[in-house]
Amino acid sequence: MTCRISVLGVGYLGATHAACMAELGHEVMGVDTDPAKLSKLAAGEVPFYEPELSEILQKNISAGRLTFTSSYDDAAAFADVHFIAVGTPQKTGELAADLTYVDSVIDNLVPRLRKPTTIFGKSTVPVGTAERLGIKARELAEHGHIPEVAWNPEFLREGYAVKDTLQPDRLVVGVDKNTPGRAIEVAKRVYSQLIKDGVPFVETDLATAELVKTSANAFLATKISFINAMAEICEVSGADVTELADAIGYDTRIGRRFLNAGIGFGGGCLPKDIRAFMARAGELGVDQALTFLREVDNINMRRRTGTVDKVRTLLGGSLVGAKIAVLGAAFKPESDDVRDSPALNIAGQAQLQGATVTVYDPKAMENSRRIYPTLIYASSVEKACEQADAIMVLTEWREFNELEPSKISKLVRKKIIVDGRNCLDAENWIDHGWYYYGPGRSLSGPIDA
Ligand code: UGA
């Protein structure tokens, strides 16, 4: 059955959710305060790189199922179901999440509602937020129509956003158990196609729904830092972390995914989410429960400094005057997102230590230039590698995995390659006379390369 849906906030999460809900056959209105973003989306253009998204955006705009507006009046009049998809960034100077945008959606929307509605939160929020927003909504309702506030966290990964929305591992819907309403029924109508496809549907309370999201990201971050800690041990004991990960990953209780050792996690989610989670635990008086996440964060940050230290050592103890090619700037492949990108952080640190750093990324050049204008940007791998003393592969784009060492050898000053994502064919590089370094691996090759 078709629903009339508004998606409030059409950044990464909201634009994807709006397009995917229209793809499921619903009538959808995307709402945002940023006119530039709205006009791009309305013209069928995705303001960031995400495979498959522009096709479904254009298709559903043409079919008349998807529109965009900056007007809360239009959204309130149009939709029976509202999804909050605004950002919850880290507060400046604090670990906690900034909830200004989430609160502002409730403040702006609720007084305009003139019919029974359900508001689903999708943004990642500290546990307790949904209940607070529900109370606020009851206070702000003006026309006798108190909206029900429920929580429906989002688990999409950048680079796979469309697939993760239309074929998620699970759907989670949390409702206020004290004021039972129709949210579960409404969610089942919105997601009827997915439920028919066999996607598990988890019904729970508000706090559990919020915590499912934060604890899932905390677990993923912990898994990555675990393998990166193992990489540190492997490096000093002559073991190989990639073989170790394969071997422990065969145990289905452990699983191989998210056990790729390297320069660690970044992006707009995992780093800020574990910090907001620690801050919230502190507010709830159980900070000790999440003290381990501080160590997860420390291990992760050490990957960045450790990689710069390693390349400095390889270059004789100083980066002053060294020419370094950095291949990859996005926080992960299939994305142009550079928020808290380990790759750019390492590029920036190397530059601050005196190196001349030239960066190339297939998709993230424009975003990188905006936040790191002082780095040098090359238009191809070859141009970035010209006369380099060391090459650092810091995002595992396929283009880099498939590089031919014999061709790159002719361009560089020194044959030193740092494989920050353990994504290259190490033996191939060593066979071509390169010194190879991958975190947690004891492979090398000639250092006088
Ligand atoms: C993450 C979660 O995976 C999603 O489930 C969640 O919905 C999303 O955050 C969110 O909260 O919105 P995302 O930030 O898109 O998704 O990226 P991931 O695929 O989780 O990767 C995060 C970082 O971890 C990247 O920098 C990646 O390179 C790194 N990583 C990942 C590793 O270093 N090793 C691995 O084995 C896997």
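The structure contained in this document is the topic of the report that follows. Not measured: the values here are computed from a predicted model.

### Thoughts on the sheet that holds strand 10 (residues 356–360)
Read from one edge to the other, the open sheet built from six strands follows the order 11-10-9-12-13-14, with strand pairing classed as parallel. In this open sheet, the two edge strands, each paired with only one partner strand, are strand 11 (376–377) and strand 14 (435–437). Relative to strand 14, strand 13 (residues 416–419) is paired through three bridges, and the arrangement is parallel. Bridging across to strand 14, Val418 finds its partner in Tyr437. Its contacts with the sheet put helix 13 (residues 291–314) on strand 9 (323–327), strand 12 (390–393), strand 13 and strand 14, and the angle it makes with strand 14 is roughly 165 degrees.

### Details of the layout of surface pockets
Volume-wise, the second largest pocket comes out at about 210 Å³. Ile146, Pro147, Glu148, Val149 and Thr179 are, among the 16 residues lining the second largest pocket, the residues nearest its centre. Every element with two or more residues in the lining of the second largest pocket is listed here: helix 6 (129–140) and strand 6 (148–151). A per-element tally of the lining of the second largest pocket places helix 6 first, with three residues. Of the residues belonging to the lining of the second largest pocket, the class tally is seven nonpolar, five polar and four charged.

### Quick look at the nonpolar core
Within the largest apolar cluster, 53 residues are counted, with the highest numbers of intra-cluster contacts made by Ile324, Leu327, Ile391 and Ile408. For this core, the element with the highest residue contribution is helix 14 (residues 342–352), accounting for five residues. Apart from residues no more than four positions distant in its own chain, Ile408 is found in contact with Val381, Cys385, Ile391, Leu403, Trp429 and Trp434. In this structure, Tyr12, Leu41, Leu66 and Val81 belong to the second largest nonpolar core, which totals 43 residues.

### Re the site of the ligand
As a structural note, the neighbourhood of the ligand is formed by 21 residues, with Phe155, Leu156, Glu158, Asn217 and Phe331 the closest of them. A distance of 2.7 Å is found between an oxygen atom of the ligand and a backbone nitrogen or oxygen belonging to Glu158. At 3.1 Å from an oxygen atom of the ligand is found a main-chain nitrogen or oxygen belonging to Gly266. In isolation the ligand exposes 710 Å². Once the protein is present, 91% of that is buried. Secondary-structure elements contributing two or more residues to the shell around the ligand are helix 10 (206–237) and helix 12 (270–283).

### Looking at the side chain of Thr118
Looking at the secondary structure, you find Thr118 in strand 5 (residues 118–121). Given the relative accessible area of 2%, Thr118 is considered buried. Ignoring sequence-local partners within four residues, the contact set of Thr118 consists of Asp80, Val81, His82, Glu148, Ala183 and Val186.

### Looking at the packing of helix 5 (residues 100–109) against helix 6
The geometry of helix 5 relative to helix 6 is characterised by a closest axis approach of 9 Å and an angle of 25 degrees between their N-to-C directions. Relative to helix 6, the element helix 5 lies roughly parallel. For the element pair helix 5 and helix 6, the recorded crossing hand is right-handed. Contact residues: Val102, Asp103, Ile106 and Asp107 in helix 5; Arg132, Leu133, Lys136, Ala137 and Leu140 in helix 6.

What counts and how
Residues numbered from 1 in each chain as written. Predicted model: local features only at pLDDT ≥ 70, side-chain atom pairs only at ≥ 80, totals over all residues. Heavy atoms only, no water. Pairing = 2+ DSSP bridges. Helix = DSSP H or I, 4+ residues; strand = E, 2+ residues; numbered from the N terminus. Contact = heavy atoms within 4.5 Å. Axes fitted to C-alpha atoms, helices over the stretch in contact; angles between N-to-C directions. 1 Å grid on protein atoms, 1.4 Å probe; cavity = no way out; pocket = protein on both sides within 12 Å on 5 of 7 lines; lining within 4 Å. Points joined across faces, edges and corners; volume = space filled by probe spheres on them. Nonpolar A, V, L, I, M, F, W, Y, C, P; charged D, E, K, R; others polar. Core = buried A, V, L, I, M, F, W, Y, C linked by side-chain atoms within 4.5 Å. Buried < 20%, exposed > 50% of the residue type's maximum accessible area, 1.4 Å probe, protein only. Near = heavy atom within 4 Å. Polar contact = N/O pair within 3.5 Å; in protein donor to acceptor, adjacent residues only side chain to side chain. Areas by Shrake-Rupley, 256 points an atom, 1.4 Å probe, with all protein chains shown as cover. Parallel < 35°, antiparallel > 145°, perpendicular 65-115°, else oblique. Left-handed = near helix turned anticlockwise from the far one by under 90°.

Take it as geometry only, folks, not as evidence of what the structure does.
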